Structure formats: C-alpha cells, structure tokens
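Examining the three-dimensional arrangement
Each chain is listed here by its residues.
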Amino acid sequence: MSSLAVPRTEPRAGSAPGTAQDRRPPLRRRIALVPTITLLLGALYCLLPVAWVVIAATKSGRELFSTFTFLPGTGFADNVRDLTAYRDGVYWQWMANSALYAGLGALLSTCVSAVSGYALATYRFRGRETIFNVLLAGVLMPPVILAVPQYLLLAKADLTDSYLSVLLPQILFPYGVYLARIYAAAAVPADVVEAGRMDGASEWRIFTRIALPMMIPGMVTVFLFQFVAIWNNFLLPYIMLSDDEKFPITLGLFTLLEQGANTPALYTLVITGAFLAVLPLVALFLVIQRFWSLDLLSGAVKS
C-alpha cells in the first residue's frame, strides 16, 4: 500500500495556531457589513424621533420636562382629552380637513395620472415626447417655486381661502403621470389593446375594462405617494388659507406650536396631536400594502 503525503502548512511568523488572527473573517466579508451598518444607522436616525414622539405623547406637562426622555409617562388619556376639548375640538376638524384634502386629492390625482399615463404609453401622436419631457421637468421642479404662481392664479379666480385652493393644485401629479406611463407600457400589452379594437370596443371601454385592471397595482402606489404628500403638505395651505377652520393638520399643529411659545402647557397637545396625525398614515400603508401585494399577483390576469 502507498501512503498519501499531505503537505503541512507552517503557521506564519508571529502568530500561533488557533489564534484570533487565523479566525478573522476575510476583508470582503468585513466590507460587505458596511451597507448593513449604514442601513442600521439610517434606520436608527429615522426611528429615534418617532420613538420620542410616541413616548412623549404619554407624558403630562409636568412629566415632559422632568423625567427621562425615553421613559413612558401616565398622561396620554388626559392629553387626548385636553386636545379634544381645545377650542371645541378644532383638532378633529383639522384631521377631517386633512382627510378630505388627501383622500379626494389623491383619488382625483390617481385618476388623472392613470388616464394620462395610459394615453402617453399607448397612443402615438405629434408632441408626445415633448409633453412627457415637460412632465419630467415638473417632477424635478421644487414645489416652493410653484406655490406663489398658484396663489396668484387662484386669487384671480377668487378661490383663495377655500377648500378648492388646496385641492386643485394637487390634482396634477407629474411624478404620478410618469409612473403611470412607465407602468402602462410594461403591464398593458399592445396586442391586448389591438384585440379589443378588433372586437369593436371603444377606446374608453378598452381603458376601463382591459387596461385599468392591469394598471391597478401601479395606481395604488401613485395613490399612496400622493396621499402622503398631500397629508404632509404645509407650504400650499399656509399660503392659500387664512381661516383656521379650513386648516389641515400640519398647519393646525404649526399654529398650536406657535401659541405654545407663550403657553408651555400646549406643548403636550402639540406632541399628542403629532402622534395621532401619524396613525392614519400607518393604517393606510398597512391596508394598501396588503391590497397592493394581492394586486401584484392578480392584476395581470384581470379582464
């Protein structure tokens, strides 16, 4: 019988066998941890303010300034009661206004985006690319640039300080049109549209019965983006509205915070109001996420 000789590797000079230096992970593995650590730090940076608001909303006015920052308090129920009683429940009027602005505005914006995106993706006409490029320019343009021109236009129409002054500028959502076009081009096959035309269906019927069910997952995303954008919008209502009973929750909490500079007791109401204002967004995201996931699986086979 012949024996196989196994070469032996000598340990490097200055290191004993089995030391931590031998067990150290390779350089590539350590580099791969950098994105994970960066994401964890980013998540911590984003979640710490949210955690502070959640905990601070449970504290009374005395506990807010005298206890440890992340120690829960005992005054949440009293804070909600005081917030409801403030000016005969104007806070809930602000919440209702935000629900109206965000819900109706996002719905109308989604409908406009769906029709516009489908038309840009399906039809060939002169100036189509020019229109699309103008929409892309609208995506890149900061909203603050458009706020003053929008105010001047609505002032000419005598619509300032009304619900329409906040709703109308939100209907056209350039980023939503962009997403709708991209999604329609990918999700609606040209052969299916052509088959509908050969069967004698009108263009509107093809859109509502064939194309739109295929586009619903993308439109749900557009609705969510626009709802969150309108709910969190501050600048447009700040410029357009002067009657505080028409204020959305963002502007209402801002005025409450300004009054808190002279009345520190209002700080707890502002914090509690900010916490309650986040809950509808969380609930909407959870509901739509489930609906969105289901439509991603079934949207392409609807007819």
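Please refer to the structure placed before this passage.
What this report covers is the structure whose coordinates are included nearby. (Residues numbered from 1 in each chain as written. Predicted model: local features only at pLDDT ≥ 70, side-chain atom pairs only at ≥ 80, totals over all residues. Heavy atoms only, no water.)

Along the protein chain, the regular secondary structure elements total 14 helices and zero strands. Going from the N terminus to the C terminus, the protein chain shows its helices and strands as α-α-α-α-α-α-α-α-α-α-α-α-α-α. Excluding contacts between residues fewer than 6 apart, the proportion of contacts in the protein chain whose partners are at least 24 apart in sequence is 71%. Accessible area of the protein chain: about 18800 Å², with a carbon and sulfur share of 68%. (Helix = DSSP H or I, 4+ residues; strand = E, 2+ residues; numbered from the N terminus. Contact = heavy atoms within 4.5 Å. Areas by Shrake-Rupley, 256 points an atom, 1.4 Å probe, with all protein chains shown as cover.)

With that out of the way, let us pick up the environment of valine 222. Its location among the elements puts valine 222 in helix α11 (residues 203-231). With 112 residues separating them along the chain, valine 222 and threonine 110 place their C-alpha atoms 6.2 Å apart. Look past the residues within four positions of valine 222 in its chain and what remains in contact with it is Thr110, Ser113, Phe173, Gly176 and Leu179.

Attention now goes to unusual backbone geometry. One non-glycine residue, arginine 87, lies in the positive phi region at around 50°. Along the chain, arginine 87 turns up in the loop between α4 (76-85) and α5 (90-122). On the basis of relative accessible area, arginine 87 is assigned to the partly exposed category, the value being 42%. (Buried < 20%, exposed > 50% of the residue type's maximum accessible area, 1.4 Å probe, protein only.)

The next point concerns the nonpolar core. Formed by 39 residues in total, the largest nonpolar core has its most connected members in Tyr91, Phe227, Trp231, Ile249 and Leu256. For this core, the secondary structure elements donating two or more residues are α5, α8 (163-171), α11, α12 (235-240), α13 (249-260) and α14 (266-298). With 10 residues, α14 is the single largest residue contributor to this core. Non-local contacts of isoleucine 249, meaning those with residues more than four positions away in its chain, are made with Tyr91, Trp94, Met95, Ser98, Trp231 and Ala277. Grouped together as the second largest cluster of nonpolar side chains are 15 residues, Phe173, Val193, Ile206 and Met219 included. (Core = buried A, V, L, I, M, F, W, Y, C linked by side-chain atoms within 4.5 Å.)

In this section: the pattern of salt bridges. Evaluated as defined, the whole model comprises seven salt bridges. The closest approach of N and O atoms between arginine 181 and glutamate 129, which form a salt bridge, is 3.3 Å. With arginine 181 in helix α9 (residues 174-187) and glutamate 129 in helix α6 (residues 128-140), this residue pair connects regions lying 52 residues apart in the sequence. Arginine 181 gets classed as buried once you look at its relative accessible area, which sits at 12%. One salt bridge in this structure joins glutamate 194 and arginine 197, with 3.4 Å as the shortest N-O distance. Separated by three residues within a single helix, glutamate 194 and arginine 197 lie in helix α10 (residues 190-198), roughly one turn from each other. (Salt bridge = Lys/Arg side-chain N within 4 Å of Asp/Glu carboxyl O.)

Counted under the stated rule, the structure contains 16 aromatic pairs. Both rings, one in tyrosine 91 and one in tryptophan 92, keep their centres 5.1 Å apart while their planes meet at 85°; by these two values the pair is edge-to-face. Since its relative accessible area comes to 36%, tryptophan 92 is described here as partly exposed. By the ring-pair criterion, three or more aromatic residues cluster together here, those being Phe132, Phe173, Tyr175, Tyr178 and Phe225. (Phe/Tyr/Trp six-rings, centres within 6.5 Å; stacked < 30°, edge-to-face > 60°.)

Between α6 and α9, the shortest axis-to-axis distance is 8 Å and the interhelical angle comes to 130°. Judged on the interaxial angle alone, α9 and α6 are oblique. At the point where α6 passes α9, the crossing takes the left-handed sense. On α9, the residues that touch Arg128, Glu129, Phe132, Leu135, Leu136, Gly138 and Val139 of α6 are Pro174, Tyr175, Val177, Tyr178 and Arg181. Partitioning the contact of α6 with α9 into residue classes produces eight nonpolar, one polar and three charged. (Axes fitted to C-alpha atoms, helices over the stretch in contact; angles between N-to-C directions. Parallel < 35°, antiparallel > 145°, perpendicular 65-115°, else oblique. Left-handed = near helix turned anticlockwise from the far one by under 90°. Nonpolar A, V, L, I, M, F, W, Y, C, P; charged D, E, K, R; others polar.)

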